[in-house]
Amino acid sequence: MEHFKPPGDKKRFQTRNRRPVIRHDKWGTWLSGYAPIKNQKGETVAIVGLDMSVEQLFESEKNIQLSALLAIVAALIWATTLSLILSSRISKPIMQLTEATLHIAEGNLDYSITIDSKDEIGSLASSLNRMVSSLRESQTSLMQRANTDGLTGLYNHRYYHERLGQELKRALRYGRPLSLLMIDLDGFKAVNDNLGHPAGDTILRNFAKILSQEIREIDVPARYGGDEFAVILPETGVEEATRIGERIRAAVDRKPHLTDEDDKTTRKNMDNFEWKITLSVGVAECPTHARQRDSLVSAADIAMYHAKHVSQNAVCSYDRVPGAGGTMDPCRIYTFLQSASVSTIAALAAAVDAKDHYTHGHSESVARYSVGIATELRLSEEEKFNVRIAALLHDVGKIGMPDTILNNPGQLDPHERDIIRSHPSVGERIVKQVPQLQKILPGILYHHERYDGTGYPCGLSSDKIPLAARIICVADAFDAMTSNRPYRSAMSVDQAMEELDSCKGSQFDPACVDALNRWIRSAELQAA
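### A few points about the packing of helix H4 (residues 188–195) against helix H5 (residues 197–214)
Running from N to C, H4 and H5 point in directions that differ by 145 degrees, and their axes come no closer than 7 Å. Residues Phe188, Val191, Asn192 and Leu195 of H4 lie in contact with H5, whose contacting residues are His197, Ala199, Gly200, Ile203 and Leu204. Looking at the contact of H4 with H5 residue by residue, the classes come out as six nonpolar, three polar and no charged.

In structure tokens:
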């Protein structure tokens, strides 16, 4: 067999080195190599050769690398896009759900999830929103029950104090007025005792309806306790608050029984029991009367008790209470007046007045005139307060005296006269048992001393008589002369003042008589 002879440049195929070699020529750099093709006998029957430009190889490699890089970038972009899509569809709603649960855990039941998808996450969000709405409604209902009086539907005592604190802070921060009404139902206890608690409950409910109708939307009515009610009046001065109190009082006057029209049982019992409901209303204003919550409540309470015990069915502001107002803390006055020992003695003084209907309210009237005199004499607030308490208790020593002596319209015999003249000393011994009342003892003991020294029990004269006693002496005589007695009719104010003027320097301190005259004339001008 004839061997194959490679054509042309056959020397390149005759080398023993079959590995590719690099050669250079004027046309560039070439990668050359060959490989023999053998038959079954191992004889070379053909040769395969390669001759390739290196520059073309590098260019191909660059193209392959660029294609690979572009493919990688495209894959990264696709993966990022897919991740964002998945985040938008899955991760973001999950984060919203997580945030929602945190808000709910913190008590924010106004939070709502805005997921509109119809998949499982959307269904979960919708269920969560319904749950929050149900919790919110339950919370509102529970808060309403916690803040509401079950019988009347008004706010209860706890919420009243909480809201009053909030309104006071707002009023003081912005320099706005705030007033408070304290309301007591006169005669309610008698109705409750005679007609039973169901009738009493009806009266309380009906009064609550009237109260709600007569106040404004911004006002806050509450049942303070028992038959006492309170109203917070934002943005309201004492004068407007007094008018609102009068409107409520007048509304009850028009329907004094406060019963239901179809309440046949109560109306049947009314035939055997004469009664009607009236109101005693106290008014206090912030900051005029007090700046603290407890002090404002005490001021309104004091005014309400004054209205109740002086005239009933009346509206009284704190600055109208004798001895109140000014710089003295209403809490101190209230605590003082409500202490057990003071209240007991005050009750004794009231019992003295009640022994004779002609002298009913005498102690309160003497206290009012006494404070008027003290005001004209420019006494301090504490001095006026002590004068008021002494005037309220000046006749407490009469508590054990026989009615036949107290109400005797004729001349008293010497023994009876001695008994009457002992009442200042007896009163002083009674009041002396109360440590808080030591400063008022002179006003009680010496209120029947005369300016010329002919009075009792010690015969003191002029400035030796304590000022409080001189004041009470004038106020006591003026109230006695202007009140009806079994043996004479009441004098007019002018007649009584003429009588006092005629006794200046003998029975009465001239300065106190002149002070009372100025105070009465000033009160008349204000009333006009």
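### Quick word on the packing of helix H17 (residues 467–481) against helix H18 (residues 493–502)
For the pair H17 and H18, the least separation of the axes is 9 Å and the interaxial angle reads 140 degrees. Relative to H18, H17 is oriented oblique. As for the relative orientation of H17 and H18, their crossing is right-handed in sense. In this structure, H17 uses Val474, Ala477, Phe478 and Met481 to contact H18, whose residues at the interface are Val493, Ala496, Met497, Glu499 and Leu500. Residues belonging to the contact of H17 with H18 are distributed by class as follows: eight nonpolar, no polar and one charged.

### Overview of the pattern of salt bridges
Applying the stated criterion across every chain yields a total of 22 salt bridges. For the salt bridge of Arg518 with Glu376, the shortest nitrogen-to-oxygen distance reads 3.3 Å. Of this pair, Arg518 sits in helix H19 (residues 510–527) while Glu376 sits in helix H11 (residues 362–376), and the two are 142 residues apart along the sequence. Owing to a relative accessible area of 41%, Arg518 belongs among the partly exposed residues under this scheme.

### Topic: the packing of aromatic side chains
Summed over all chains, the structure comprises five aromatic pairs. Plain terms: the ring middles of Tyr160 and Tyr224 are 5.5 Å apart, the flat faces sit at 85 degrees to each other, and that makes the pair edge-to-face. Of this pair, Tyr160 sits in helix H3 (residues 157–174) while Tyr224 sits in strand S5 (residues 220–225), placing them 64 residues apart in sequence. Of the two residues examined, Tyr160 and Tyr224, each falls in the buried class. On the basis of an interplanar angle of 80 degrees and a centroid distance of 6.2 Å, the ring pair of Tyr369 and Trp519 is categorised as edge-to-face. With a gap of 150 residues between them, Tyr369 in helix H11 and Trp519 in helix H19 connect regions that are remote in the sequence. The class of Tyr369 is buried, set by a relative accessible area of 13%. Trp519 gets classed as partly exposed once you look at its relative accessible area, which sits at 23%. A connected cluster of aromatic rings, assembled from ring pairs, spans Tyr369, Phe478 and Trp519. In this structure, Arg368 is placed above the aromatic ring of Tyr369, and the distance from its NZ or CZ to the ring centre is 5.4 Å.

### A look at the nonpolar core
Counting 39 residues, the largest nonpolar core has Leu393, Leu500 and Leu516 as its most contacted members. Going through the elements one at a time, H11, helix H12 (381–392), helix H16 (441–445), H17, H18 and H19 are the ones with two or more residues in this core. Each residue touching Leu500, except ones within four places of it in the same chain, is listed here: Val474, Ala477, Phe478, Met481, Phe508, Val513 and Leu516. One finds Phe207, Ala208, Val252 and Leu258 within the second-largest nonpolar core, a separate group that totals 31 residues.

### Some remarks on the confidence of the model for the protein
Caution applies to low-pLDDT regions: their predicted coordinates should not be interpreted in detail. Per-residue pLDDT for the protein has a mean of 80; in total, 74% of the residues score no lower than 70. At the level of individual helices and strands, the protein shows its lowest average pLDDT in helix H7 (residues 264–269), which scores 56, and its highest in strand S6 (residues 228–234), which scores 96. Note on residues 1–17: pLDDT is under 50 here. Beyond four places in sequence and across chains, it has 12 contacts.

### What about unusual backbone geometry?
A cis geometry characterises the amide bond from Cys286 onward to Pro287, with omega recorded as 10 degrees. Its location among the elements puts Pro287 in the loop between strand S7 (278–286) and helix H8 (293–310). Omega for the bond connecting Tyr456 with Pro457 falls within 30 degrees of zero, at 15 degrees, which places this linkage in the cis form. With respect to the helices and strands, Pro457 occurs in the loop between H16 and H17. One non-glycine residue, Arg378, lies in the positive phi region at around 60 degrees. Note on placement: Arg378 falls in the loop between H11 and H12. For Arg378, a relative accessible area of 76% translates into the label exposed.

Rules used in this analysis
- Residues numbered from 1 in each chain as written.
- Predicted model: local features only at pLDDT ≥ 70, side-chain atom pairs only at ≥ 80, totals over all residues.
- Heavy atoms only, no water.
- Axes fitted to C-alpha atoms, helices over the stretch in contact; angles between N-to-C directions.
- Helix = DSSP H or I, 4+ residues; strand = E, 2+ residues; numbered from the N terminus.
- Contact = heavy atoms within 4.5 Å.
- Nonpolar A, V, L, I, M, F, W, Y, C, P; charged D, E, K, R; others polar.
- Parallel < 35°, antiparallel > 145°, perpendicular 65-115°, else oblique.
- Left-handed = near helix turned anticlockwise from the far one by under 90°.
- Salt bridge = Lys/Arg side-chain N within 4 Å of Asp/Glu carboxyl O.
- Buried < 20%, exposed > 50% of the residue type's maximum accessible area, 1.4 Å probe, protein only.
- Phe/Tyr/Trp six-rings, centres within 6.5 Å; stacked < 30°, edge-to-face > 60°.
- Lys NZ or Arg CZ within 6 Å of the ring centre and 35° of its normal.
- Core = buried A, V, L, I, M, F, W, Y, C linked by side-chain atoms within 4.5 Å.
- pLDDT = per-residue confidence, 0-100.

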